[in-house]
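The residues making up each chain are set out below.
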Amino acid sequence: MKKIFALLSALMIFSMILSACAPQTVVQTVVVTEVVTQEVVVEGTPQVKEVVKTVVVEATPEPKKPQLIIFNWWTAPGEREAADAMYEAFKAKYPDVEIIENPTPGGGGVNQRVVLQARMTAGLPPDTFQTLGGAELKAYVDAGQLEPLDDLWAQLDYANKIPGPLAKAVTVDGHPYVVPLNMHIQNILYYNKALFDELQLTPPTNYDELVATCEAIKAAKPDLACIGLGSKEKWGDAFVFDAVFMEEAGPADYVKFYKGELDPATFEPFKRSLEKFQALAPYINTDHAGLTWDQATALLPGGTAAMTLMGTWAIGALEKGGGWKAGMDFGAVTFPQKPERILLFHPDTYGLAKGAPNPETTLKWLEVVASPELQIPTDVIQGGLFARTDIDPTEFPDPIRQELMQYVRDNPDKLILDQHGSIAPSSFTSEYWNVIASFLVQPDVNATIQQVASLFQQFNVKDASAWYQWP
Amino acid sequence: MKSKNITIKIIVILTLILLSFAYLLPVYVMIITSLKSVQEVTVGNYLIPTGSPQFVNYAEVLFGSVRFRSQMLPRLLNSMIISFSVTFLSAFFGGLGGYYLSRSKSTFARVLFILVGIALYMPLQAIIIPLVTLMAKTRLLLTHWGLIVSYLVLNVPLASVLMGTFFLSVPRELEEAAEVDGASKIQTFFRIVTPISMPAYVSVAIIIFTQVWNEFFLALSLSSPSTQTVQVVMAEAKGTTLVLYNLQMAAALISVFVPLLFFLLLGRYFIRGILAGALKG
Amino acid sequence: MQFPHPYRILKIINKRFRSPSQWLALTSIQGRQVSAITSPVVRGRKRRRDQLTLAEFLVFVVPLLIFVVILYGTLIWTFYVSLANWSGIAANYEFAGFKWYQSLFNNIRFWVDVQNNLKWLILGVIPTVFLAIFLAYLLELAPFPAIESYIRTLILYPVAMSFIVTGTIWSWMYEPKRGVFNTILSALGVQSQLTYTTNPSTATYWLILIFIWQYLGFAVIIVQSSFRTSELQEMIEAATVDGASKLRILFSIIIPNIRSGLLVLVSLLLISTLKVFDIVYIVTFGGPGISTDVLSLYMFIATFQQHLVSMGAALGVIIFLIAFIIVIPYTIYALRRWFE
């Protein structure tokens, strides 16, 4: 009897310790120093309680080390290195600041938003967090979770250092809220250079040329998918559709459309684009629904697709994942280039969280984010373009981005927000992706037009996107 | 009822072959793939084991590498802390509650039983939003307690019904005898009923442990970097990395190792637990 | 009266419960034996007062009660959120009536999900139950006893695995281009045109197959245990003596007599298929398009991705109501058994 009790209570104590060790430290540290709290515990190998306690005791008498709590979602290969480069650039200037990062994996930051939302509700905001521009940013601003950065921008003269459309994408009601550190371009067509040389093809610049190229490829290599697509995350389809739609509608109407100012039912280019998009289906790999974007990009070096339409971040995936060399094994062109060569873009940005525990350090951090010292190494690794236009384009190792960067410098007004940092609110956009993705597998033009029209209504896009101004 | 009939023999053997194929193939592929190099996986030949097993894959998955960023080891610890705590606490509280439900015939007990009975089938989707808000407000979300408490909300009712089912079958003369001797209900429960119910506790514990270990929806919704469970990391590994099937399979094997070990070692209790779980009530 | 030493009681009980089937019989719902082992004297005697002292109430009832209160509290809270106007990152409890339910009912995606959930409810449950009865019966008839434990272990191990792991393995097996199935088929000389989960019109069925694979062992165990009651065994023996065929025995004796076991099994499977989330999340994420989307996935996306929290809550309430309807018959049955 006693034995059983002893055993039982031993078990109880053991499991209590097991479950308590990490959390209890938090409770204790919360009391001592608000900020250390969660992060100390994070990688929590279960230590015995006493050990943790001593750590805390040792920590308190020391003068408080400046800290910076960062949230981001750069965890995938290529992104992780870029994040490290970012911290290195900051450390070079402020070696005594301790960076506490809180990477939350999950492309596009879906998981991060859950965690962030929870922390904000709990009254434990980080200092700064990664966010896209556009509607995504606006959601944080509307929720009152970001501080305006007018002073910082004025001090850095940042509005004149970056392209106008980029500044507008992070400005809500006249106040800039974040510091962008890069620009990703969505509408880039990557192609297998060896194959194009072999078949003596030139990369297409508009829809008709695309179809002609695909026909030629199909004739020569019937097993090869002309366009490699991954639509598991749903937005891959929207990228291709956007390319078609941009050509049909032209940039001004493209923006008006996503701002909800045009009725899809009466706006003819939308219908035509759907039909043309549907006509591309035979050239797309059949298993697209099961592939993520990186898997689809890997089809090129894998030799099962000839082209893919993807953002600038695919350069890294092709080079690191596929072992290809930009300009040698694969080429890239903006698509479409008619009627105008528009670059659809979204930025990665950092801002100052409302209630940030270390606002001074955060402002220092944002200053570094705005600097070439951080942007050059980070963007080169991660795959975007520089946010600043005063950086020499030849800092990029690949000819593709050198050319794109030069184009942005010469034509800063050719930038328009893309599907990720979208013009329309993100609730609309994610539903819209579903409709476009469904259309590709079960094409019904009229039903799709109706659905899109009702989405514009349901999410009240017209009012919600009124803040976005282009050009 | 054993039969010597020849047709039945044939059917049995056919079924046997079919089932063996259907149930062994996935595991077989999983194991041999987890030991291959990326090149070997790309070539195909999924059914042929590799000549040079890459045990380093497991190290990569556990400790992380350039190719596989999501280290499994800290997540394994998270899962263990959470699963063991929930198992222990819900078996303990569930045992107490179950004993009451099995011994009382009052209206209150009946109402409580109905509420508990429905709770067993409560879809998480119906409570997740307040749960996340609650855990955030109380700051429990940032620690393992967020997930532990959330799981307890669902598993204490489950454990109480499972334990209650068992207590119903415990002969009451033992308790009566103790009570005649002047022992209180609490004493009787801890000194008489609990010891003889140990096998049932083990079964209930295994069921709850497996459930919590394998749970995904709540773990995903309440995940924060410091409390991510193995399931969430597995989902990430499948979602965002390049398709490194060998590493994915190694990660999958590591994540099923603990519950599978329980299954193989304590299979008898496992089956009892499932049955008790199924036949609850 | 001297009461026996606990260790002795443990021994007695262990002896009594040694074999699982006995244990099962004890805990099972057919367990009339429960009363058989409690002595008639005890049964006849008037029970001590039913009331609890405060201490007893605190120890036995309060812990359970706390969690039950949290559970139902959050349920009511969800309902409240579903009537509010919370769409955005910050919470907003401003009353908006049934607006979100209305917008759901006008939403094509919602109806696609309902259809898919129905597919799951029907095709995830009926084949599983029939296969389980077939297998359980076969195991009863199996000429070699060793086979039984082999098959049991074989089909039961997936129960210990998560849907995330199963989904990861199966989505690789299903890949049309370089997946395991099609590679094996082409090695056998069959040019497989199967596209599995990438074909929108059949994708859900392939997902359901994974579910059946995972739950079959579980179902067999439950059906088997309801076979193992002495009454049923006697009836089968009697019928066998009368020369009834094996199939006849199955359909006219066994199936009608394991109704209660089947009620339990069907309720459990229905709930599991209704709640299905993990498989869809990991294998297709609702795709292609929204062809495999289900209510629980939509609930997750609406809440955490689109920040339409009130709409997510409305979906949660709808899922709860369906689940509630499904478990009513079972709960009534269980309640009767419990307090009989």
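Residues numbered from 1 in each chain as written. Chains lettered and ligands numbered in written order. Predicted model: local features only at pLDDT ≥ 70, side-chain atom pairs only at ≥ 80, totals over all residues. Heavy atoms only, no water.

**Concerning the overall build of chain C**
Cut-off, in case you're wondering: Each helix corresponds to a stretch of at least 4 residues labelled H or I by DSSP, and each strand to a stretch of at least 2 residues labelled E; elements are numbered beginning at the N terminus. When accessible area is computed with a 1.4 Å probe and restricted to protein chains, residues below 20% of their type maximum are described as buried, those above 50% as exposed, and intermediate ones as partly exposed. Note on contacts: a residue pair is in contact if any heavy atoms of the two residues lie within 4.5 Å. Throughout, the Shrake-Rupley method with a 1.4 Å probe supplies accessible areas, and for residues the shown protein chains are the sole cover considered.
Across its full length, chain C holds 17 helices and 0 strands. The 340 residues of chain C split such that 58% are buried. For chain C, long-range pairs separated by at least 24 residues make up 65% of all intrachain contacts whose partners lie at least 6 apart in sequence. Taken as a whole, chain C presents about 14300 Å² of accessible surface, with 67% of it coming from carbon and sulfur.

**Observations concerning the state of the cysteines**
All names here are of chain A. Formally: Disulfides are defined in this document as cysteine sulfur pairs within 2.5 Å.
Overall, the coordinates contain 1 disulfide over all chains when judged by the stated rule. Covalent S-S linkage joins Cys214 and Cys226, the inter-sulfur distance amounting to 2.0 Å. The S-S bond linking Cys214 to Cys226 shows a torsion near -75 degrees; that makes this disulfide left-handed. Of the two residues, Cys214 is situated in helix α10 (residues 207–220) and Cys226 in strand β9 (residues 225–228); the sequence distance between them amounts to 12 residues. For the pair Cys214 and Cys226, one class covers both residues: buried.

**Description of a nonpolar patch on the surface**
Residue and element names in this part refer to chain C. The following threshold applies: Like charges within 9 Å and nonpolar side chains (Val, Leu, Ile, Met, Phe, Trp, Tyr) within 5 Å are joined into patches, using only residues over 30% in relative accessible area that form no salt bridge. Salt bridges, as used here, are contacts in which a Lys or Arg side-chain nitrogen is within 4 Å of a carboxyl oxygen on Asp or Glu.
On the surface, Leu118, Ile122, Leu123, Ile126, Phe130 and Tyr205 cluster together into a nonpolar patch covering about 560 Å² of accessible area. Among the elements that make up the nonpolar patch, the one with the highest residue count is helix α7 (residues 108–141) (5 residues). Its location among the elements puts Tyr205 in helix α11 (residues 203–227).

**A closer look at the packing of aromatic side chains**
Convention followed: Only rings of Phe, Tyr and Trp enter the pairing, Trp through its six-membered ring, and a pair is recorded when the two centres are within 6.5 Å. The plane angle decides the type: under 30 degrees is stacked, over 60 is edge-to-face, the rest tilted. Only lysine NZ and arginine CZ atoms are considered, and such an atom sits over a ring when it is within 6 Å of the ring centre and within 35 degrees of the ring normal.
All told, the structure shown has 81 aromatic pairs over all chains when counted by the stated rule. Taken together, a centroid distance of 5.6 Å and an interplanar angle of 85 degrees make the contact between Tyr121(B) and Tyr330(C) edge-to-face. Of this pair, Tyr121(B) sits in the loop between α5 (107–119) and α6 (128–137) while Tyr330(C) sits in helix α17 (residues 309–338), which puts the two residues in different chains. The pair Tyr121(B) / Tyr330(C) is uniform in exposure class, with both members buried. Through pairs of rings, three or more aromatic residues link up here, namely Phe241(A), Phe245(A), Tyr254(A), Phe257(A), Tyr258(A), Phe267(A), Phe270(A), Phe277(A), Phe428(A), Tyr432(A), Phe439(A) and Phe456(A). Here the basic side chain of Arg341(A) rests over the ring of Tyr407(A), its NZ or CZ set 4.2 Å away from the ring centre. Just above the ring of Tyr269(B) sits the side chain of Arg268(B); from NZ or CZ to the centre is 5.4 Å.

**Comments concerning the pairing of strand β8 (residues 188–192) of chain A**
Residue and element names in this part refer to chain A. The cut-off we apply is this: Think of it this way: DSSP has to see at least two bridges between two strands before they count as a pair.
Most of β8 is tucked away, with 5 of its 5 residues classed as buried. Strand direction decides the pairing type here: β8 and strand β10 (residues 305–310), joined by 4 bridges, are antiparallel. From the neighbouring strand, Tyr191 faces β10, where its bridge partner is Met307. Judged from the 5 bridges that link them, β8 and strand β11 (residues 330–334) form a sheet pairing that is antiparallel. Its bridge partner lying in β11, Tyr191 is registered against Gly331.

**Section: the domain arrangement of chain B**
For interface size, the figure often reported is the accessible area lost on association. All names here are of chain B. For clarity, the cut-off: A domain assignment, automatic or from a database, supplies the domain bounds used here. Note: buried area is the sum, over both parts, of the accessible area (probe 1.4 Å) each one loses when the two are combined. The nonpolar class holds Ala, Val, Leu, Ile, Met, Phe, Trp, Tyr, Cys and Pro. Asp, Glu, Lys and Arg form the charged class, and all remaining residues, Gly among them, are polar.
Splitting chain B by domain gives domain 1 (6–63) and domain 2 (73–278). Computed over C-alpha atoms, the centres of domain 1 and domain 2 are 32 Å apart. Listed as interface residues are 14 residues of domain 1 and, on the opposing side, 14 residues of domain 2. Ranking the residues of domain 1 by area buried against domain 2 places Met30, Val61 and Leu62 at the top, with a combined share of 44%. The interface formed by domain 1 and domain 2 includes 0 salt bridges. Of all the elements in the fold, those that place two or more residues in the side of domain 1 that touches domain 2 are α1 (6–34), α2 (38–43) and α3 (56–63). At 6 residues, α3 tops the list of elements feeding residues into the side of domain 1 that touches domain 2. A breakdown of the residues in the side of domain 1 that touches domain 2 according to their chemical character gives 8 nonpolar, 4 polar and 2 charged.

**Describing the confidence of the model for chain B**
Keep this limit in mind: The quantity known as pLDDT measures the predictor's confidence residue by residue, on a range of 0 to 100.
When pLDDT is averaged along chain B, the result is 85; 93% of the residues meet or exceed 70. Taking the mean pLDDT of every element in chain B, the minimum, 75, falls on helix α14 (residues 267–278) of chain B and the maximum, 94, on helix α4 (residues 73–103) of chain B.

**Here's the deal with the interface of chain C and chain A**
Just so we agree on the cut-off: Polar contact is defined as a pair of N or O atoms within 3.5 Å, subject to the rule that within protein one atom must be able to donate a hydrogen and the other to accept it, and that residues adjacent in sequence are counted only when both atoms are side-chain atoms.
Each partner contributes to the interface: chain C provides 29 residues, whereas chain A provides 29 residues. For the pair chain C and chain A, the two sides together bury roughly 2600 Å², of which 58% comes from carbon and sulfur. If you look at where chain C meets chain A, you find 1 salt bridge. Its salt-bridge partner being Glu431(A), residue Arg109(C) comes within 2.9 Å of it at the nearest N-O pair. Across the chain C-chain A interface, the total number found is 9 residue pairs in polar contact (both at pLDDT 80 or more). Of all the elements in the fold, those that place two or more residues in the side of chain C that touches chain A are α1 (6–16), α7, α15 (278–283) and α16 (295–305) of chain C. Of all the elements, α16(C) adds the most residues to the side of chain C that touches chain A, at 3 residues. When the residues that make up the side of chain C that touches chain A are grouped by side-chain class, the tally is 17 nonpolar, 10 polar and 2 charged.

**Examining the packing of α7(C) against α16(C)**
When two helices pack together, you describe them by how their axes are tilted relative to each other and by the distance separating the axes. Residues and elements named next belong to chain C. For clarity, the threshold we go by: Axes here refer to lines fitted to C-alpha atoms; in helices the fit is confined to the stretch in contact. Angles between the N-to-C directions go from 0 to 180 degrees.
Running from amino to carboxyl end, α7 crosses α16 at an angle of 145 degrees, the nearest separation of the two axes being 8 Å. On α16, the residues touching Arg109, Phe110, Asp113, Val114 and Asn117 of α7 are Leu295, Tyr298 and Ile301. Across the contact of α7 with α16, the residue classes tally to 5 nonpolar, 1 polar and 2 charged.

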